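Chain and residue survey
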Amino acid sequence: MKIAVVGTGYVGLVTGTCLAETGNTVTCVDINQEKVDKMQQGQIPIYEPGLEILFHRTIEQGRLKFTTVLAEAIADAKIIFLALPTPPGADGAADLSFVLGAAKDIAKLVKDYKVVVTKSTVPVGTADKVKKVFAENTSIEVDVVSNPEFLREGVAVEDFMKPDRVVVGTSSEKAKKLMEELYNPYVRSGNPIIFMDERSSELTKYAANSFLATKITFMNEVANLCELVGADVDMVRKGIGSDARIGKRFLFPGVGYGGSCFPKDVQALAKSAAEVNYDFSILNSVMAVNEKQKVVIVEKMRKYYKGDLKGKKFALWGLAFKPETDDIREAPALYIIDELLKDGASIVAYDPEATANVRKLKGDTIGYAKDPYEALEGADALIIVTEWPLFRTPDFDRIEKNLKAKVIFDGRNLYDIQKMIDCGYYYNSIGRKVVEA
Ligand code: UDX
């Protein structure tokens, strides 16, 4: 099938590349000339495991193309994906100007039947707004479909190729048939394509992300309580997670959720509810708790150092909001850095992928190490913020040699408590017993 993808951000690029991989011909269009030039030369603008190989292969085989010219991208396309940003506006509601603007541009160009798919996370009612834009700007038949993405950064290719489910919101039989044909190769294992109306589909995305953010937040609160009552959150997690109704996943406490989706979507759903005079109060609590959780490690440090962090030097492992990505949007590490600098401490950070992005944002206010052990040199303590696999089994002898004191604050519960006792560390993690040196 011939497909156009408008917007080559994270979602657009993964979608376009994975659609090309299974034999479709995809033209990705973006207004950023420099980015398009680079992609035409085979340079991939994002880090996502497994994507690069598909990107190169599909370009080489002529099924993945890039352009800045919208008319060129959509001319032969049967399906046009809109993968454009919907940033939160000043009032917290998603800003639809990119999506509606692109719809208008497309409407003025279409010459035959098209299915226009909103892939961006958009508030309930957006499909209707997009339909209105087409109705006002063209007499050609266009079906507007909602098809939210559930890709997780770091495993996006796998999530696209083998989705747990595909959600398609449409009231058109013709569009439904085309979407079914498009997605069939990805659900061969029997996972469903769930068809529904546009509004339910739009709400599904927000409800899914808000539910997961709530699940994590609930566990963060359980962890905080564990510390106060002498329970171990790892045990509680296993105890509740083996109940199939609860499930084992997304029960890991830590330094709060971050990233480009959860914070934005929880806020947008609360806002959408408020607009129809519904107080979705649980979401307000989730947001408030998550704000506090992002700096829970700093609170632990303030307590340990009796409120005086001035002049202390800390090694910080992990800047990305989660492993296997260079994404630092809403990354807890940024909040932790700000708090520590405010208290007069200095920081040397190490991250396998996200250093360049943090350097752009924070400049020389912190130091950047080339490897995890360099960050530790002369530091008063190690702080772990992102659970990169590389941090899971480090060389504890080297850690001990480089650190000034054997002190670890672990925001991701990477190490076994007994191991830390045996090695003689002061070890403070989340929702578990504090190991005194
Ligand atoms: C999320 C959704 O999972 C995905 O379906 C949607 O399309 C986009 O948003 P992503 O933001 O890439 O994906 O990351 P995810 O792996 O879901 O993690 C989100 C945040 O929750 C991270 O900050 C992560 O560290 C945190 N998290 C996750 C926890 O703190 N504990 C957990 O148990 C799981």
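Everything quoted here is computed from the prediction, not taken from an experiment. (Residues numbered from 1 in each chain as written. Predicted model: local features only at pLDDT ≥ 70, side-chain atom pairs only at ≥ 80, totals over all residues.)

With respect to the site of the ligand
Surveying the vicinity of the ligand reveals 19 residues, the closest of which are Glu153, Phe252, Tyr257, Gly259 and Cys261. Both of domain 1 (2-196) and domain 2 (205-292) provide at least three residues apiece to the shell around the ligand. (Near = placed C-beta within 6 Å. Domains from an automatic or database assignment.)

As for the sheet that holds strand β13 (residues 407-410)
Read across the sheet, six strands follow the order β11-β10-β9-β12-β13-β14 without closing on themselves; strand pairing throughout is parallel. The strands lining the two open edges of the sheet, one partner per strand, are β11 (367-368) and β14 (426-428). Both strand β9 (residues 313-317) and strand β12 (residues 381-384) contribute to a ladder of four bridges, which runs parallel. Of the residues in β12, the one forming a bridge with Ala315 is Leu382. Along the sheet, helix α13 (residues 296-304) makes contact with β12, β13 and β14, crossing β13 at roughly 150 degrees. (Pairing = 2+ DSSP bridges. Helix = DSSP H or I, 4+ residues; strand = E, 2+ residues; numbered from the N terminus. Contact = placed C-beta atoms within 7 Å. Axes fitted to C-alpha atoms, helices over the stretch in contact; angles between N-to-C directions.)

Points about helix α14 (residues 332-342)
Taken together, the buried positions of α14 are occupied by Pro332, Ala333, Tyr335, Ile336, Ile337 and Leu340. Looking at the buried residues of α14, the elements they touch are α13, β9, β10 (346-350), α15 (355-362) and β12. (Buried ≥ 20, exposed ≤ 12 C-beta atoms within 10 Å, placed from the backbone.)

Describing the domain arrangement of the chain
For the chain, the assigned domains are domain 1 (2-196), domain 2 (205-292) and domain 3 (294-428). Inter-centroid distance (C-alpha atoms) of domain 1 to domain 3 is 38 Å. Contacts between the two partners involve four residues from domain 1, matched on the other side by seven residues from domain 3. Grouping the amino acids of the side of domain 1 that touches domain 3 by side-chain chemistry returns two nonpolar, one polar and one charged. (Nonpolar A, V, L, I, M, F, W, Y, C, P; charged D, E, K, R; others polar.)

Considering helix α8 (residues 173-183)
All of the buried residues in α8 are Ala175, Leu178, Met179 and Leu182. Across the axial projection of α8, the buried residues extend over an arc of 100 degrees, all falling on one side. Away from its buried face by more than 90 degrees, α8 exposes Glu173, Lys177 and Glu181. Those residues of α8 that are buried are in contact with β4 (79-82), β5 (114-118), β6 (142-146) and β7 (166-169). (Arc of directions from axis to C-beta.)

Quick word on the packing of helix α9 (residues 198-229) against helix α10 (residues 233-241)
Two numbers describe how α9 lies on α10: the axes approach to 9 Å, and their chain directions differ by 135 degrees. Looking at the two axes, α9 sits oblique to α10. The interaxial crossing formed by α9 with α10 has right-handed handedness. Between α9 and α10, the contacting residues are Met219, Val222, Ala223 and Cys226 on the first element and Val233, Val236 and Arg237 on the second. (Parallel < 35°, antiparallel > 145°, perpendicular 65-115°, else oblique. Left-handed = near helix turned anticlockwise from the far one by under 90°.)

Digging into the packing of α9 against helix α11 (residues 262-275)
Helix-helix packing: each pair is described by the crossing angle between the helix axes and the interaxial distance. Two elements in contact, α9 and α11, have axes whose closest approach is 9 Å; the angle formed by their N-to-C orientations is 110 degrees. In terms of their interaxial angle, α9 and α11 are classed as roughly perpendicular. The two elements α9 and α11 cross, and the hand of that crossing is left-handed. On α11, the residues touching Tyr206, Asn209, Ser210, Leu212 and Ala213 of α9 are Phe262, Asp265, Val266, Ala268 and Leu269. Here the residues of the contact of α9 with α11 are counted per class, giving seven nonpolar, two polar and one charged.

Details of the UniProt feature "domain: UDP-glucose/GDP-mannose dehydrogenase C-terminal" (unreviewed entry) in the chain
This chain's UniProt record puts "domain: UDP-glucose/GDP-mannose dehydrogenase C-terminal" (unreviewed entry) on residues 315-417. Spanning residues 315-417, this segment combines 31% helix with 17% strand, and its end C-alpha atoms are found 21 Å apart. (UniProt positions renumbered as here; feature names shortened; annotations may be inferred.)

Examining the environment of Ser272
Topologically, Ser272 is positioned in helix α11. For the pair Ser272 and Thr217, spaced 55 residues apart in sequence, the C-alpha separation works out to 21 Å. Ignoring any residue separated from it by four or fewer positions in sequence, one finds Ser272 in contact with Pro123 and Val124.

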